[in-house]
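Secondary and tertiary structure notes
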Amino acid sequence: TRTYNTIINGYLKAGKSSEALQMFEEMQKGSCSRDTITYNTMIMGLCKAGKVNDAYGIFAAMEHQGCSPDVYTYNSIFYGLLKVHRLAEALTLFEVKKTKGCSPDHITYRTLINGFCIAGNADQALQFLVDLKASGHVPDLVTYSTLINGLCKVGRMDVAYKLYEDVLEQKFVPNLITMNTLLNGFGKDGQFDRAHQLFAELKDMGIRPDVVSYNALICAAGKVGNTDAAFQLLEEMQCAGCSPDVVTYSHLIELLSNSDKAGQAWDLFTQMEKRGRHPDLVSYNLLLAGLVKASRLDDACYLMEEAKRKGLTPD
RNA sequence: GUUUUUCAUUGU
């Protein structure tokens, strides 16, 4: 059985789900019986491959076939359901599972919190945080960061910040990712000042800002139309030994394009190429938008041809 | 000591 399990897992990891299924069927007929791990392996593998329906079928059948689901099984099936945004089913199953006496572990909570955040249901995710605490688990920094990100994405900056304070209170040390997440959230929300403040805070904490931090902050400056600040930050990051990447340039190109400075946007685009940062489709799209906005349609067509020559496929 | 589960940050 262990041998089969290992092989099945191998097939699934290699993206060969039909071969895995074949082995799985073979076990049913042969001398090796399936155990819970066999089912778990199949279910997770299929979920990862996006074949959630198949996984669910196996899950539904396993009890009749004499194997009871354990916490791994549930975690995998939650992962799958949430991946395809079947939130209601996940919730129902969560309740059912509890009545069956299979209690959620910290991975269950993380999976659920992550899934609901991705699906944009921050309230439910927050509820899981409450449950998690109530059941005696301690949320870790990744869980917090996930939640903070989820809240930022739906513009609930007040609650996001509250969670950040929670983190501090619990004597967790926020890391670069946590700070970047929050900083980006404030920036997107049009609160450049607060974003900037967080930027200062993270430096005070002894964290060295990375290209993501600067990009988020440049975006924040752009959001409030502060072109000067955006370019100052470009200088600043270079002084700090952080080299701008294609995302940095994209933010700046977008900012210039939006403020009717298509010419400058194009200059910057050229500069980026000179510096060895290859423009991608996003950069092209942004500059194209700027040119179109400025009614420079011929230039736009020219640029589009150039993109094609570089092997990019305009969308 | 050998098989299975989740995981966070930036651009159109």
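Chains are numbered independently. Their residues run from 1 in the order of the written sequence. Following the order in which they are written, the chains are lettered starting with A and the ligands numbered starting with 1. The model is predicted, so local features are restricted to residues of pLDDT at least 70 and side-chain atom pairs to those at 80 or more, both for listing and for counting; the totals for chains, interfaces and linings are taken over all residues. The basis for every side-chain value is the complete set of heavy atoms in the structure, and neither hydrogens nor water enter the calculation.

Structural notes on the protein's contact with RNA strand B
Let me state the cut-off plainly: It suffices for a single heavy atom of a residue to lie within 4 Å of a molecule or strand for the residue to be listed as near it. For this analysis, a polar contact is any N or O atom pair within 3.5 Å, provided that within protein one partner can donate a hydrogen and the other can accept it, and provided that sequence-adjacent residues contribute only side-chain to side-chain pairs. Nonpolar residues are Ala, Val, Leu, Ile, Met, Phe, Trp, Tyr, Cys and Pro. Charged residues are Asp, Glu, Lys and Arg, and all others, Gly as well, are polar.
Neighbouring RNA strand B are 41 residues, the closest being Arg2, Lys48, Arg110, Asn215 and Ser250. Within 4 Å of the protein, the contacting atoms of RNA strand B are drawn from sugar and phosphate to the extent of 45%. A distance of 2.9 Å is found between a base oxygen of RNA strand B and a side-chain nitrogen or oxygen belonging to Tyr72. Considering only residue class, the surface near RNA strand B consists of 12 nonpolar, 21 polar and 8 charged.

Quick notes on the environment of Asn53
Condition: Only DSSP runs of H or I reaching four residues or more are called helices, and only runs of E reaching two or more are called strands; each is numbered from the N terminus. Exposed residues in this analysis have more than 50% of their type's maximum accessible area, buried residues have under 20%, and partly exposed residues fall in between, with area computed by a 1.4 Å probe over protein chains only.
Of note, Asn53 is situated in helix α4 (residues 52-62). The exposure class of Asn53 is exposed, given its relative accessible area of 56%. Separated by 14 residues in sequence, Asn53 and Tyr39 have C-alpha atoms that sit 14 Å apart.

Overview of helix α8 (residues 122-134)
Let me state the cut-off plainly: Multiply 1.5 Å by the residue count of a helix minus one, and that product is the helix's expected span. Contact definition: two residues touch when any of their heavy atoms are within 4.5 Å.
Here α8 spans 18 Å end to end across 13 residues, near enough to the 18 Å set by a 1.5 Å rise per residue. Buried residues of α8: Ala122, Gln124, Ala125, Leu126, Phe128, Leu129 and Leu132, and no others. In this structure, the buried residues of α8 make contact with α6 (87-99), α7 (106-118), α9 (141-153) and α10 (157-169). Positive backbone phi, approximately 85 degrees, marks Gly136, located one or two places after α8.

A look at the confidence of the model for chain A
This is how the line gets drawn: Here pLDDT means the predictor's own confidence in every residue, given as a number from 0 to 100.
Overall, the predicted model of chain A reaches an average pLDDT of 94, with 100% of residues at or above 70. At the level of chain-chain contacts, confidence expressed as ipTM amounts to 0.83, with global pTM at 0.89.

A word on the packing of aromatic side chains
Put simply, the test is: For Phe, Tyr and Trp, where Trp contributes only its six-membered ring, two rings pair if their centres lie within 6.5 Å, and the inter-plane angle classes them as stacked under 30 degrees, edge-to-face over 60, or tilted in between. As a reminder, the over-ring test applies to NZ of lysine and CZ of arginine, requiring each to be within 6 Å of the ring centre and within 35 degrees of the ring normal.
Inspection of every chain in the model, using the stated rule, returns 14 aromatic pairs. Seen from their ring centres, Phe94 and Tyr109 are 6.3 Å apart, and the 70 degrees between their planes marks the pair as edge-to-face. With Phe94 in helix α6 and Tyr109 in helix α7, the pair connects residues that are 15 residues apart, well separated along the chain. Residue class for Tyr109 comes out buried when judged on its relative accessible area of 4%. Among the aromatic residues, those joined into a ring-pair cluster are Tyr56, Phe59, Tyr74, Phe78, Phe94, Tyr109, Phe116 and Phe128. If you follow Arg86 out to its NZ or CZ, it ends over the ring of Tyr56, 6.0 Å from the centre. Sitting over the ring of Tyr161, Arg194 keeps its end group 4.7 Å from the ring centre.

As for helix α1 (residues 2-13)
An α-helix turns once per 3.6 residues; consequently, residues spaced three or four apart project the same way. Defined as follows: As used here, the arc belongs to the directions running from the helix axis to the C-beta atoms.
Compared with the 16 Å implied by 1.5 Å per residue over 12 residues, the 16 Å span of α1 between its first and last C-alpha is a close match. All of the buried residues along α1 are Asn5, Ile8 and Leu12. End-on view of α1: buried residues confined to an arc of 65 degrees, all on one side of the axis. When the buried face of α1 is taken as reference, the exposed residues oriented beyond 90 degrees from it are Arg2, Thr3, Thr6 and Lys13. Against α2 (17-29) and α3 (36-48) lie the buried residues of α1. The positive-phi residue at the C-terminal boundary of α1 is Gly15, with phi of around 75 degrees.

Quick word on the packing of α4 against helix α5 (residues 71-83)
The line we're drawing: Axes here mean lines fitted to C-alpha atoms, for a helix over just the part in contact, with angles spanning 0 to 180 degrees between N-to-C directions. For classification, angles of less than 35 degrees are called roughly parallel, those exceeding 145 degrees roughly antiparallel, those between 65 and 115 degrees roughly perpendicular, and all remaining angles oblique. Handedness of a crossing is defined here by the sense of rotation of the near helix relative to the far one, left-handed for an anticlockwise turn of less than a right angle and right-handed for a clockwise turn.
It is the contact of α4 with α5, at a shortest axis distance of 10 Å, that shows an interaxial angle of 150 degrees. In terms of orientation, α4 lies roughly antiparallel with respect to α5. Once α4 is placed against α5, the crossing between them reads as left-handed. Within the contact between the two elements, α4 uses Val52, Ala55, Tyr56, Phe59 and Met62 and α5 uses Thr73, Tyr74, Ile77, Gly80 and Leu81. Of the residues that constitute the contact of α4 with α5, the class distribution is 8 nonpolar, 2 polar and no charged.

Points about the packing of helix α15 (residues 246-258) against helix α16 (residues 262-274)
Packing of α15 against α16 brings their axes to within 8 Å, and their N-to-C directions diverge by 165 degrees. Compared by their axis directions, α15 and α16 come out roughly antiparallel. Classified by chirality, the crossing of α16 by α15 is left-handed. Within the contact between the two elements, α15 uses Val246, Tyr249, Leu252, Ile253, Leu256 and Ser257 and α16 uses Ala262, Gln264, Ala265, Leu268, Phe269 and Met272. Per-class residue counts for the contact of α15 with α16 are 10 nonpolar, 2 polar and no charged.

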